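Understanding the architecture of this molecule
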Amino acid sequence: MTWGTTNTEAEGHGQIDMFLDHGGNFIDTAEMYPVNPIKAENCGASERALGTWLAGSGRRNDVVVATKVTGDNPGFVRDGRGYDGAIIQGAVENSLKNLQTDYIDIYQLHWPMRGSYAFRQNWQFDPTGQDRTASEAHMRDVLTAMKSLVEAGKVRHFALSNESVWGTMEWLRLAREMGAPEVISVQNEYSLMYRQADTDFAELCHNEGVRILSYSPLATGLLSGKYQGGAIPDGSRMAIYPGLGGRKTKRAFEAVAAYLAVAQKHGLDPVQMALSFVMSRPFMGSTIFGASTQAQLGTILTGKDLVLSDEVMADIDLAHRAHPYPY
C-alpha cells in the first residue's frame, strides 16, 4: 500500500524478494493504493508495482495475490461511485492489467456500500437508514458478477473488507442460495489495541469457515513504541496523518506503554510480540503489515516464527483488561 508514495517501485520489488526469501507468500493490495497520502492520480500505482514484479520474476505461482474494489470513498476511484456488478467486471479487468496476471487469488470489496463502522465510525454508527431490500438486491448483483468472474477463471476467491458480522452472514446466505462464491475472508482491523473480532466474528469464523485478514496489526506503528513521548519520526504515518485515523488518543499511548512493558519484561521485540499475538488467534487467516524500509521488514521477518508463551499471553490479557479499546 506504500509502493508509489512512501516507496519506489524498485523498493517495493526489494521488499517482495526479501519477503519471499523468508517464506512469505501472501501479498495484499487494492486499486485505490498507494496511501500516505491517498490521491486520485496515484491510484493503481501499488498494483502496477506488484505487476512489474510478477511479470519480471516469473514467480506468479509462488504468491497469493489479493486486491480490492473501492467502495464509495469520495473522489479516489471512479469519482466515488463505488461498485456494483457491472463496475466490478471492469474493475477486475483493470486490476488484472495493472497486476500483469490473468487471475486474482482473492478479490475483496474494500467497503460495504451500505456503510461501515470501520475506522472509528463505530462511535456514531447508525444503521437505521439502511434499506434491507436494496442491500439484498445489491449483494445479489455483486454475487452474480463474482460467480461469472470465478467461472471465467479471472478470480479464485471472493472476500470482504471493513464488513460487519451481519453483512458477512448475508453474503454467505445469498451465495449459498444462488450457488455463488462464498466469502473466504474478511479483511478488518485487528491488533492488541483493537480486538473487535474477538467475540461475534470469532464465532462466525469458527462456524462458517471464514477467516479474518487483519490490517493495522501494529496499530499504524503505535505498538512499535516509536511515537511514545511525543515523538513523530520523519516520514512516518503520523507525520502525514497526525491523528492516525482517530487512533492518536491519550488512552492509546497508555495502552502502548502497557504492551511495551510486557515485551520488555519477557525480553521480546514489541513489533514481533504484537504480530505473533495476532497470528495466534484461532480465527486469523493472515496478518497484513506494511513496511516502509528494509530494516522494518527485517525486524518483522526475523520474528515470523515467534510463539508466545503462556506467561506472555497472561500478561497481554492483563494489559488488555486494563486498557480495552483505547481508541
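A brief look at the structure comes next. It should be emphasised that the depicted structure is a prediction, and the values quoted were computed from it without experimental measurement.

The N-to-C vectors of helix 5 (residues 165–178) and helix 6 (residues 200–208) enclose an angle of 20°; their axes lie 10 Å apart at closest approach. With respect to helix 6, the axis of helix 5 lies roughly parallel. Considering only the axes of helix 5 and helix 6, their crossing is left-handed. Every residue of helix 6 that contacts helix 5 at V165, T168, M169, L172 and R176 is listed here: D200, F201, L204 and E208.

This part is about the pairing of strand 4 (residues 155–161). Where burial is concerned, most of strand 4 is hidden: 5 out of the 7 residues are buried. Note: strand 3 (residues 104–109) against strand 4, 5 bridges, orientation parallel. Note on strand 4: the bridge partner recorded for Q108 is A159. Between the parallel elements strand 3 and strand 4, the chain passes through helix 4 (residues 132–151) in a crossover that is right-handed. In terms of strand pairing, strand 4 meets strand 5 (residues 183–189) through 3 bridges, oriented parallel. When the sheet's bridge partners are listed, L160 is paired in strand 5 with V186. Taken together, strand 4, helix 5 and strand 5 constitute a β-α-β crossover, and its handedness is right-handed.

Turning next to helix 4. Taking 1.5 Å per residue, 20 residues should reach 28 Å; helix 4 reaches 28 Å between its end C-alpha atoms and fits that length. Of the positions making up helix 4, those classed as buried are S135, H138, M139, V142, L143, A145, M146 and L149. One face of helix 4 carries all of its buried residues, which in axial projection span an arc of 165°. Turned more than 90 degrees off the buried face of helix 4, the exposed positions are T133 and E151. As for helix 4, its buried residues are in contact with helix 3 (85–99), strand 3, strand 4 and helix 5. Its side-chain oxygen placed 3.0 Å from the backbone nitrogen of T133, D131 serves as the N-cap of helix 4.

We now examine the packing of aromatic side chains. Applying the stated criterion across every chain yields a total of 6 aromatic pairs. With 5.4 Å between their ring centres and 85° between their planes, Y117 and F125 make a pair best called edge-to-face. You can call F125 partly exposed: its relative accessible area is 36%. Within the aromatic cluster, the residues linked to one another by ring pairs are W111, F119 and Y215. Taking the ring centre of Y103 as reference, the NZ or CZ of R60 above it sits at 3.9 Å. We note R120 situated over the ring of Y194; from NZ or CZ to the ring centre the distance is 5.7 Å.

This paragraph deals with the sheet that holds strand 6 (residues 211–215). Strand order in the open sheet formed by 7 strands is 1-2-3-4-5-6-7, and the pairing between neighbours is parallel. On the outer flanks of this sheet lie strand 1 (26–28) and strand 7 (284–288), each paired with one strand and no other. Strand-to-strand twist across the sheet, computed as the mean angle between neighbouring axes with direction ignored, equals 25°. Relative to strand 2 (residues 64–69), strand 1 runs parallel, the two being bridged by 3 bridges. The residue bridging F26 from the neighbouring strand is V64, located in strand 2. Of the strands in this sheet, strand 3, strand 4 and strand 5 touch helix 5, which is tilted by about 165° from strand 5.

Procedures and definitions
Residues numbered from 1 in each chain as written. Predicted model: local features only at pLDDT ≥ 70, side-chain atom pairs only at ≥ 80, totals over all residues. Heavy atoms only, no water. Axes fitted to C-alpha atoms, helices over the stretch in contact; angles between N-to-C directions. Helix = DSSP H or I, 4+ residues; strand = E, 2+ residues; numbered from the N terminus. Parallel < 35°, antiparallel > 145°, perpendicular 65-115°, else oblique. Left-handed = near helix turned anticlockwise from the far one by under 90°. Contact = heavy atoms within 4.5 Å. Buried < 20%, exposed > 50% of the residue type's maximum accessible area, 1.4 Å probe, protein only. Pairing = 2+ DSSP bridges. Right-handed = clockwise from strand over helix to strand, strands pointing away. Expected span 1.5 Å × (residues − 1). Arc of directions from axis to C-beta. Polar contact = N/O pair within 3.5 Å; in protein donor to acceptor, adjacent residues only side chain to side chain. Phe/Tyr/Trp six-rings, centres within 6.5 Å; stacked < 30°, edge-to-face > 60°. Lys NZ or Arg CZ within 6 Å of the ring centre and 35° of its normal.

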